[in-house]
Amino acid sequence: MKTILKTVDLKMTYQLGKVSVNALRGINLEVKEGEFVAIMGPSGCGKSTLLHILGAMLKPSSGQVLIDGEDISKMNEAARTEVRRRKIGFVFQKFNLFPTLTTEGNIKLAENIRRNGASKTSAKRDEILKLLNLEKRLHHKPIEMSGGEQQRVAIARALVSSPAIILADEPTGNLDSENSQIVLNMLQKLNQQLGQTIIMITHNSEAAAVAQQTVYMKDGQIVQ
Amino acid sequence: MMDNSLVATNVRQRPLRTLISVVGVALGVVLIVLVVGLSRGMLKEQGRRNSNVGAEIIFRRPGAVSFTSNFGLSLPIQYAQRLSTIEGIENVSPVGQYLKPSDQGFGAELIDGIEYESYAKVSNIRIVKGKSFSTGNEVIVDPTYVKNRKVKLGDSIELFGKKFTITGIYEPEIGSRIKMNLSLMQSILNAQDRATFVLVKCKTNFTEQNVAAEINQQLPGNQLLFVRDLQELYEKGSSALNTFLSVIIVISIVISTLVIMLAMYTTITERTREIGILKSLGAPKRFIIVTIEKEALLISLLGIVFGYVVALAGRFLITYYTPLFIDIETKWMLVAGLCGIVSGFFGALYPALRAANQDPIKAISYE
Ligand SMILES: Nc1ncnc2c1ncn2[C@@H]1O[C@H](COP(=O)(O)OP(=O)(O)OP(=O)(O)O)[C@@H](O)[C@H]1O
Ligand SMILES: [Mg+2]
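With that out of the way, let us pick up the interface of chain A and chain B. Each partner contributes to the interface: chain A provides 23 residues, whereas chain B provides 23 residues. Between chain A and chain B lies a buried interface of about 2200 Å² when both sides are counted; carbon and sulfur atoms form 64% of it. The largest contributions to the chain A side of the interface with chain B come from Phe98(A), Thr100(A) and Ile113(A), which together make up 27% of the buried area. Applying the counting rule to chain A against chain B returns two salt bridges. For Glu367(B), the salt bridge is made with Lys94(A), and the minimal N-O distance between the two is 2.6 Å. Joining chain A to chain B, the criterion identifies six residue pairs in polar contact (both at pLDDT 80 or more). Among the elements of the structure, α2 (77–87) and α3 (103–114) of chain A are those that each provide at least two residues to the side of chain A that touches chain B. In terms of residue count, α3(A) provides more of the side of chain A that touches chain B than any other element does, six residues in total. Split by residue class, the side of chain A that touches chain B holds 11 nonpolar, five polar and seven charged.

Let's shift gears to the site of ligand 1. Residue and element names in this part refer to chain A. Around ligand 1, a shell composed of 14 residues is seen, among which Ser43, Gly44, Lys47, Ser48 and Thr49 lie nearest. Contact distances for ligand 1 include 2.5 Å between an oxygen atom and a side-chain N or O atom of Ser43. Within the contact set of ligand 1, an oxygen atom lies 3.1 Å away from a side-chain nitrogen or oxygen of His203. Contact with the protein chains covers 63% of the free accessible surface of ligand 1, which is 630 Å². Secondary-structure elements contributing two or more residues to the shell around ligand 1 are β1 (3–16), β2 (19–32) and α1 (47–54). Residue contributions to the shell around ligand 1 peak at three residues, all from α1. Partitioned by chemical class, the residues of the shell around ligand 1 number six nonpolar, six polar and two charged.

As a further point, take the domain arrangement of chain B. In terms of domains, chain B is made up of domain 1 (2–43 + 240–364) and domain 2 (62–221). Summarising the inter-unit geometry, the C-alpha centres of domain 1 of chain B and domain 2 of chain B are found 48 Å apart.

Attention now goes to the environment of Leu58(A). Residue and element names in this part refer to chain A. Along the chain, Leu58 falls in the loop between α1 and β4 (62–67). Given a relative accessible area of 14%, Leu58 falls into the buried group. Between the alpha carbons of Leu58 and Glu77 there is a distance of 8.7 Å; along the sequence they are 19 residues apart.

Time to look at the pairing of strand β7 (residues 156–159) of chain B. All names here are of chain B. Covered by surrounding structure in β7 are Ile157 and Leu159 only, the residues Ser156 and Glu158 on the alternate face being uncovered. Pairing between β7 and strand β8 (residues 162–171): four bridges, direction antiparallel. Counted as the bridge partner of Glu158 is Lys163 from β8. Between β7 and the antiparallel strand that follows it, β8, lie two residues; Phe160 among them carries a positive phi value of about 50°.

How each quantity is defined
- Every chain is numbered independently, its residues counted from 1 as its sequence is written.
- Key to labels: chains lettered from A, ligands numbered from 1, both in the order written.
- With the structure being a predicted model, the display of local features is reserved for residues of pLDDT at least 70 and the display and counting of side-chain atom pairs for 80 or more, all residues being used for whole-chain, interface and lining totals.
- Side-chain numbers here rest on the full set of heavy atoms in the structure, without hydrogens or water.
- Contacts: residue pairs with any heavy atoms within 4.5 Å of one another.
- Throughout, buried area stands for the accessible area (probe radius 1.4 Å) lost by two parts on being put together, summed over both.
- When a carboxyl oxygen of Asp or Glu is within 4 Å of a side-chain nitrogen of Lys or Arg, the pair counts as a salt bridge.
- Distance and chemistry together define a polar contact, namely a pair of N or O atoms within 3.5 Å, with one atom able to donate a hydrogen and the other to accept it when in protein, and with adjacent residues in sequence counting only for side-chain atoms on both sides.
- Runs of E in the DSSP output that reach at least two residues are strands. Runs of H or I that reach at least four are helices, and both are numbered from the N terminus.
- Polarity classes work like this: nonpolar for Ala, Val, Leu, Ile, Met, Phe, Trp, Tyr, Cys and Pro, charged for Asp, Glu, Lys and Arg, and polar for all others, with Gly in that last group.
- One heavy atom within 4 Å of a molecule or strand makes the whole residue count as near it.
- Shrake-Rupley sampling with a 1.4 Å probe provides the accessible areas, and residues are treated as covered by the protein chains on show and by no other component.
- All the domain ranges listed were derived from an automatic or database domain assignment.
- Throughout this description, buried means an accessible area under 20% of the type-specific maximum (1.4 Å probe, protein chains only), exposed means over 50%, and partly exposed covers the range between.
- Strand pairing is assigned whenever DSSP detects at least two bridges linking the two strands.

Here it is in structure tokens:
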């Protein structure tokens, strides 16, 4: 299968005044198209930093990040923005929906940002909404929905532009176990039915169990 | 990549903030429309009244900066007799003008001192009610004065610290609204045999140009104004007035810009996280700038419309309850609107650029 994401000796050093924090110390990771990878590890080991770099939100100090064969590690801000728009779908722990917009509004806004000239039919959107069981929540605003529902909207929003990779940073971290299970099942379904590549950070080994592969990190390195 | 959903919902989300910014922009619009309208309206009205005179030429001493600022009695009245001997002149009438601080607290009021007999010959003045003033403390006024001040024949008004009785109402509206005996004005102002200007009426078979040329030859160095140019002169206004109006425009732009800037700055700080979300979705800087600019322009637009409504209502109230004239011209409405748009655009520019240049990770993790 095709390699969709690859990092080569990826390093990230944060500069905090005179102190430098080595958040990533040489990450070599390869993810194939259609894989569901979980990342686990203790707090502060660099999981979010890695995810931000993979999602083109952050420029690494050194090393390479290849997405779909394209090296994004040396790109400037504008080019990275473009990569995010075309290739990446983020799902955050805190849902991060626009509070003033309904489910439909949140999804349409993402569609509008991500549409590259050609206007897509709403068929894809309908399929996603059905899969995530959100058809009856189209006209609800975030505060009118449960955490589980909000997270499903966030997943739908990440999916509408058919990103190469979904990057999820503790997507169940703010959910009770019941809603966590629902969201995890949905992610699994997306992976299995649509072949969606997913990389998910989690603290929970039960959550990691829905992935096909789990990567363990410690002190900015992959340990296994 | 056009998306207006955030623009509309954000404006509605914070009604108080929106209202305050709308009022801020409206204030600027009202300021321009009313101040410009008032100053131009008053001048235009003055010009209109002056051009109602039947005479064709106004003769006055040199040295006045503009027509509107030559008050006071400085012209020796002998000039009137001298002028009447010039060929082509049918009649002349000396007029004294006195600028009295208004007792209504705004602006000032002009009083004409005239010789009724000669004045009637150079103008179309006639008494429509009562009779003309005598040599005592008496005045005649025009119908607008009667209406605005709610006075009637026989009432007293105070001029030069004395009581004057209204003995008559004249028409049409010419020059100042209050007219009194010229020699009485001269003695009160201690300016015997002096006037402010002389009205000159030409004979029908002489053109005003020819008469003016003749006057210039015989009495060189004086100022001659053609009555038919007066309206235009007044409408152009003085350079001091135009400077004043420019200052008003600048002040209004500054007010509106600051209000918008403050509102949008608060907004982007409050919505830092949302800006982070936009960035995570891959929205380019342009998208963020355009979204914030659109919101500011929508607020400006609401402010402009609100400002127009307030200005029009204001004009109605002011002209109804005071003797002031406000002339609202389309041109100045457009200028005021443009100022609102400019303020909206520039007020939002710094907040928009700041938002667009935020670090995506910091923005999205903003609490
Ligand atoms: N912007 C930053 N500036 C300086 N140091 C940072 C910054 N972001 C993260 N770090 C540091 O880098 C290290 C890795 O942080 P990161 O957030 O990637 O960890 P994490 O594995 O996601 O932790 P958690 O499980 O708690 O979310 C930590 O030591 C953290 O303090
Ligand atoms: Mg983290």
